[in-house]
Amino acid sequence: MESVGVLMTYSPSFPYLVEELEKRFSLYKLQTISDKAQFLTSHKSVIRAIVGNASAGADAELIEQLPNLGIVASHSVGLDKIDLAKCKDRGIRVTNTPDVLTDDVADLAIGLMLAVLRRLCECDRYVRSGNGKTVGIIGLGRIGRAIAKRAEAFSCPINYYSRTEKSDVNYKYYPSVVELAANSHILVVACALTEETRHIVNRQVIDALGPNGVLINIGRGPHVDESELVSALVEGRLGGAGLDVFENEPQVPEELFGLENVVLLPHVGTGTVETRKEMADLVVSNLEAHFLNKPLLTPVV
């Protein structure tokens, strides 16, 4: 399939995926091309696939410029950088990399909780005594459930909010994020980023969590109104935060650097070699399945 042109829209930090794609396809790296407009004009007929990730995918403008585009394969579980409506209209298939990253991201959320709370040994003894802090989870999907399972091991009561109440769990459901925050010590953001969930954690939610509460975000930066989060932390209206994602990555608000009750990570929830390799294998397998007219492994559209 060397004649199939694949456009990578982000700067890869994991060489394995690049190597695997170059073995099978004609790979073009958009971030290394100086005159992107000229490149897209001259290569629009040969590019039949896009590979993106959580930082760059395929917006409507890019899709419009590629008349033979047949699939967008995301090296990420998130889909907020892909114009799904445009893909549906054009009959373009979309895949992502679910499941293989769930455990790593859930592990990181728990690690951030403990790191923010600090005094790890004392914290461990406290939660093991059966008096664990109540954890509220926004979004009880794959990652949300994995976080809940881990928090249960520390005897933490689990609350959650989702679009609908789940019949297969015994966790306490709250019909609004404000109510969830008001009844939780730690609030974890683990839902997908959509227009409905953008700034789902706003000033009202932060104030409901309160000066003793901790916010953990391993979802997407725009889930949280970052300006409100910063002011709440600076003013002491929120107890602490563990952040793996930011609203305008890679930029991080400078006000956070001087706070001792904040733990900042550079979007490394999936950052293990094993998980990134499994994600890359899914990207490659979805592309191969598409061009061999086989069922996609993880179809979204």
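Quick note: structure is the one above.
Bear in mind that the values here come from a model prediction, so they are computed numbers and not experimental data.

(A) Summary view of the sheet that holds strand β3 (residues 47-52). The sheet built from five strands is open, its strands ordered β2-β1-β3-β4-β5 with parallel pairing. A strand with exactly one partner marks an edge of an open sheet, and here the two such strands are β2 (26-29) and β5 (93-95). Neighbour-to-neighbour, the strand axes of the sheet open up by a mean angle of 20°, direction not taken into account. Lying over the sheet, helix α1 (residues 15-24) contacts β1 (5-8), β2 and β3, oriented at roughly 140° with respect to β2. Here helix α11 (residues 273-291) sits on the sheet and contacts β3, β4 (71-74) and β5; the angle it forms with β4, its principal contact strand, is near 165°.

(B) Geometry of the environment of glutamate 278. Here glutamate 278 shows up in helix α11. Classification of glutamate 278 by relative accessible area gives partly exposed; the value is 41%.

(C) Main features of unusual backbone geometry. The amide bond that connects glutamate 249 to the next residue, proline 250, takes the cis arrangement and shows omega of 5°. By the element assignment, proline 250 lies in the loop between β11 (240-243) and β12 (262-264). One non-glycine residue, serine 155, lies in positive phi territory at about 60°. Structurally, serine 155 is set in the loop between α7 (142-152) and β7 (158-161). A positive phi is found at histidine 267, a non-glycine position, where the angle reads about 55°. Its location among the elements puts histidine 267 in the loop between β12 and α11.

Criteria and cut-off values
- Residues numbered from 1 in each chain as written.
- Predicted model: local features only at pLDDT ≥ 70, side-chain atom pairs only at ≥ 80, totals over all residues.
- Heavy atoms only, no water.
- Pairing = 2+ DSSP bridges.
- Helix = DSSP H or I, 4+ residues; strand = E, 2+ residues; numbered from the N terminus.
- Axes fitted to C-alpha atoms, helices over the stretch in contact; angles between N-to-C directions.
- Contact = heavy atoms within 4.5 Å.
- Buried < 20%, exposed > 50% of the residue type's maximum accessible area, 1.4 Å probe, protein only.

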